[in-house]
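Architecture at a glance
These are the residues of each chain, in order.
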Amino acid sequence: MAPGQLRKNFFDFFEKREHQIVPFSSLIPDDPSVLFTTAGMQQFKLYYLGLADAFKTVHPALGRAIGSQRATSIQKCLRTSDIDEVGDETHLTFFEMLGHFSFGPRGKDEPDDFGVGGYFKKASIYWGYEFIKEVLGLKIDYVSIFGGEDNLLTDEESEKFWQEIKKKKGENFEIKKFGKKDNFWGPAGESGPCGPNTEIYVKGVEIWNAVFNQYEQKKDGSLVLLKNPGVDMGAGFERILAVLKGTTDVYQTDVFKPILDILPDFNLRDRRIIADHLKASVFLIAEGILPSNLERGYVLRRLLRRAILKIKRFDLDDEIYHQLISRIIEIYKDVYPEINHQEVILNVINEEKIKFFSTLNKGLKQIEKLKTINGKLAFDIFQSFGFPLELIIEETKNYFSLTDEQKKKITEEFEEELKKHKEISRAGAEKKFGGHGLILNTGEIKAASQEEIQKVIRLHTATHLLQQALRDVLGNEVEQRGSDITVERTRFDFSFSRKMTVEEIKKAEDIVNQKIKEDLPINFQEMSESEAEKTGALYFFKAKYPGIVKVYYIGSSLASAYSKEFCAGPHVKHTGEIGKFKILKEEAVALGIRRIRAKVE
Ligand code: SER
């Protein structure tokens, strides 16, 4: 089945069952507890928690409320947790997830109930079966359910519905029971909805995962029952394409094979890694992320450098990048038009390649000179040259050999160093930084320097000025829809119905620079949410700031301030510290939503 046909079949099936098709969201979620969108449910977290209302809250991409307790999407996702598995048949960093979602309160929970109310285990288990078996014609190997663990009970309801289906449809697949590790999902990030899940296996591969969100996990790890339990089903798009082709190898599908075909017939694992990592990089660069030593930029750097190194090893010339990137764009540009920027993407990759080779040479010299390596040294090299441990170990091969035992020891020592370092950076930067989470919590870290932190703070204040300037120029239709700040730039998404003219962009930029010139002070006042609202301060998602809120204002008093926003900070003390503000790009992200990228110098 062609990828487009699978997308269509999936949407048709759930649209018929009154699910609202919701566009995919950005790979960079508006949720400080996660780095990337790792699942389709990410954009619906607030609906599960009862903080957004499917009938009232305006959904940013739709420009109106969802209008049903049921939604469906195909979401681009990025996960680094499986990065070490990439290269086998089924693991990927970038992938797409087919999803169907229900946010209570519940309707009838019957598979023939085609209304707009929520549903739960029965309807979703039946629909999963019908879609996999009756629409796609796949044979189910077995299914799994949560078998209970600690004080959480076996999911007997799910078991009952699967038994019912087996009987009615004359199926004889096994219903396996597993513990928390396999059949209890979530939350995405530090906290949020989670619950027992049921999975469908075809050809031994998990292709369907319906999570029954019964709980909210709090930051301290405790579970609280959700008032309205929901369903969050995620199915691996590439895996389904593969099993439809009669294989378990996702790299044989139409979203991978054309990429692999460009690469000469060397080591299959490496070809897969190159294809996966470059694809993920294309999508990250298209989100405005640039390689750096921090958070998302560091993930991109790592993916890119690994691919670059492998390409170099196989002695391929630079033309290969051109071929690979244009092939990736070709495969996806109709579904994800944001990646259709070949030249920009190739430029970013090329610059990174130059930087990488220069540090690579320095790092290699170091290893060559020392004739030995231990975890501490590896960490120093990682710190000074941004050289990941696995690459260091791989590279040492050229100079001396290491036994598996030695490698293990080096890795342990390295992790130890990393942990120490992380604690130091946490104590410093993260506390100060609260929401912006400058430090990765995945082990892929480098600490933010004081200078980098300051840069992000300057960009943060500039973003407040930008929002007000946009409202001055374009009117109050402008409302924040998202924002992301890295050391390189700020990215601001806002509601507005058309492309901005060159003059309007210039005007907004001038206003921000004028306010910087006026060197206005920035202060905040804490007050109750309702008082804060009365001041006219702007807020992005009010529900995110319960109880007492901080209102940051730019100007000599709250009453006379140029800009007022609900915000947790931090900000510069005076706008003069921001430096020169420059808008780099204005573009569409979704219907009625525009995106500006800007920098400060
Ligand atoms: N959130 C679940 C997953 O990622 C189902 O969508 O598998």
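It should be emphasised that the depicted structure is a prediction, and the values quoted were computed from it without experimental measurement.

1. Quick word on the overall build of the protein chain
Along its length, the protein chain carries 17 helices and 16 strands. Here the protein chain has a C-alpha radius of gyration of 25 Å; the compact-globule value for 601 residues is 25 Å, and the two agree. With respect to the principal axes defined by its C-alpha atoms, the protein chain has extents near 75 × 65 × 45 Å. In the protein chain, which comprises 601 residues, the proportion classed as buried is 57%. Look at the contacts in the protein chain between residues 6 or more apart in sequence, and 65% of them connect residues 24 or more apart. On the protein chain, roughly 25400 Å² of surface is accessible, and the fraction owed to carbon and sulfur atoms is 49%. A gap of 1 Å separates the mean positions of the 89 positive and 92 negative side-chain charges of the protein chain.

2. Focus on the site of the ligand
In the neighbourhood of the ligand, the contacting residues comprise Ala39, Met41, Arg79, Met97, Trp185, Asn209, Val211, Asp232, Met233 and Gly234. One nitrogen or oxygen atom from the side chain of Arg79 is found 2.8 Å from an oxygen atom belonging to the ligand. Measuring from an oxygen atom of the ligand, one finds a side-chain N or O atom of Asp232 at 2.6 Å. Coverage of the ligand by the protein chains reaches 96% of its 230 Å² of free accessible surface.

3. Focus on the nonpolar core
Judged by nonpolar contacts, the single largest core of 131 residues is most densely connected at Ile132, Trp162 and Trp208. Of all hydrophobic cores here, the second largest spans 36 residues; its members include Ile457, Ile505, Val512 and Val572.

4. Concerning the pairing of strand 4 (residues 142-146)
Burial of strand 4 is extensive: five of the five residues sit out of reach of the surface. Of the two faces of strand 4, the one holding Tyr142, Ser144 and Phe146 and the one holding Val143 and Ile145 are both buried throughout. Two strands pair when backbone bridges link them, and strand 4 and strand 5 (residues 174-178) are joined in this way by five bridges, in the parallel orientation. Paired with Ile145 across the bridge in strand 5 is Lys177. Taking the sense of rotation as the criterion, the β-α-β connection linking strand 4, helix 4 (residues 156-169) and strand 5 turns out right-handed.

5. Some remarks on the confidence of the model for the protein chain
The predicted model of the protein chain has a mean per-residue pLDDT of 87, with 93% of residues at 70 or higher. Note on residues 425-447: pLDDT under 50 across the span, and 55 contacts to partners over four residues away in sequence or across chains. Under a pLDDT of 50 for its full length, residues 541-546 has, in the predicted model, twelve contacts with residues more than four places off or in other chains.

6. Looking at the state of the cysteines
One pass over the structure, following the stated rule, counts zero disulfides. The thiol sulfur of Cys77 is not disulfide-bonded, and the nearest other cysteine sulfur, from Cys194, lies at 18 Å.

7. Focus: the packing of aromatic side chains
Think of a pair of aromatic rings as described by two things: how far the centres are apart, and how the planes are tilted against each other in angle. Per the counting criterion, the structure on display carries 32 aromatic pairs. Taken together, a centroid distance of 5.5 Å and an interplanar angle of 40 degrees make the contact between Phe44 and Phe103 tilted. Of this pair, Phe44 sits in the loop between strand 1 (20-21) and helix 2 (45-48) while Phe103 sits in the loop between strand 3 (94-102) and helix 3 (121-135), placing them 59 residues apart in sequence. Residue Phe44 is classed as buried on the basis of its relative accessible area of 0%. An aromatic cluster of at least three residues, connected via ring pairs, comprises Phe10, Phe11, Phe13, Phe14, Tyr119, Trp127, Phe131 and Trp208. Sitting above the plane of the Phe256 ring, Lys279 keeps its charged end 3.4 Å from the centroid. The cationic tip of Lys550 hangs over the ring face of Phe524; the distance from NZ or CZ to the ring centre is 4.6 Å.

8. Remarks on the side chain of Lys45
Note that Lys45 resides in helix 2. With near-sequence residues (within four places) excluded, Lys45 lies in contact with Asp31, Ser33, Ala188, Ser191, Gly192 and Pro193.

9. Structural notes on the pattern of salt bridges
Pairs can form between side chains of opposite charge once their charged atoms are near each other. Enumeration according to the criterion identifies 42 salt bridges in this entry. Salt-bridge contacts for Lys218 lead to Glu216; the nearest nitrogen and oxygen are separated by 3.5 Å. In this structure Lys218 comes out as partly exposed when scored by relative accessible area, which is 34%. The network of salt bridges with common partners includes Lys76, Glu287, Glu338, Arg491, Asp493 and Arg595.

10. Overview of the environment of Tyr336
In this structure, Tyr336 sits in the loop between helix 10 (319-332) and helix 11 (342-370). On a C-alpha basis, the gap between Tyr336 and Ala286 in space is 9.7 Å, while along the polypeptide they are 50 residues apart.

11. Observations regarding unusual backbone geometry
Cis peptide bonds are those with omega within 30 degrees of zero, and the linkage from Gly186 to Pro187 qualifies with -5 degrees. Looking at the element boundaries, Pro187 is found in the loop between strand 6 (184-185) and strand 7 (192-202). Phi at Glu18 is positive, roughly 65 degrees, even though this residue is not glycine. Mapped onto the fold, Glu18 is located in the loop between helix 1 (3-16) and strand 1.

Criteria and thresholds
- Residues numbered from 1 in each chain as written.
- Predicted model: local features only at pLDDT ≥ 70, side-chain atom pairs only at ≥ 80, totals over all residues.
- Heavy atoms only, no water.
- Helix = DSSP H or I, 4+ residues; strand = E, 2+ residues; numbered from the N terminus.
- Rg over C-alpha atoms; globule rule 2.2 N^0.38 Å.
- Buried < 20%, exposed > 50% of the residue type's maximum accessible area, 1.4 Å probe, protein only.
- Contact = heavy atoms within 4.5 Å.
- Areas by Shrake-Rupley, 256 points an atom, 1.4 Å probe, with all protein chains shown as cover.
- Lys, Arg positive; Asp, Glu negative; His and termini not counted.
- Charge placed at Lys NZ, Arg CZ, Asp CG, Glu CD.
- Near = heavy atom within 4 Å.
- Polar contact = N/O pair within 3.5 Å; in protein donor to acceptor, adjacent residues only side chain to side chain.
- Core = buried A, V, L, I, M, F, W, Y, C linked by side-chain atoms within 4.5 Å.
- Pairing = 2+ DSSP bridges.
- Right-handed = clockwise from strand over helix to strand, strands pointing away.
- pLDDT = per-residue confidence, 0-100.
- Disulfide = S-S within 2.5 Å.
- Phe/Tyr/Trp six-rings, centres within 6.5 Å; stacked < 30°, edge-to-face > 60°.
- Lys NZ or Arg CZ within 6 Å of the ring centre and 35° of its normal.
- Salt bridge = Lys/Arg side-chain N within 4 Å of Asp/Glu carboxyl O.

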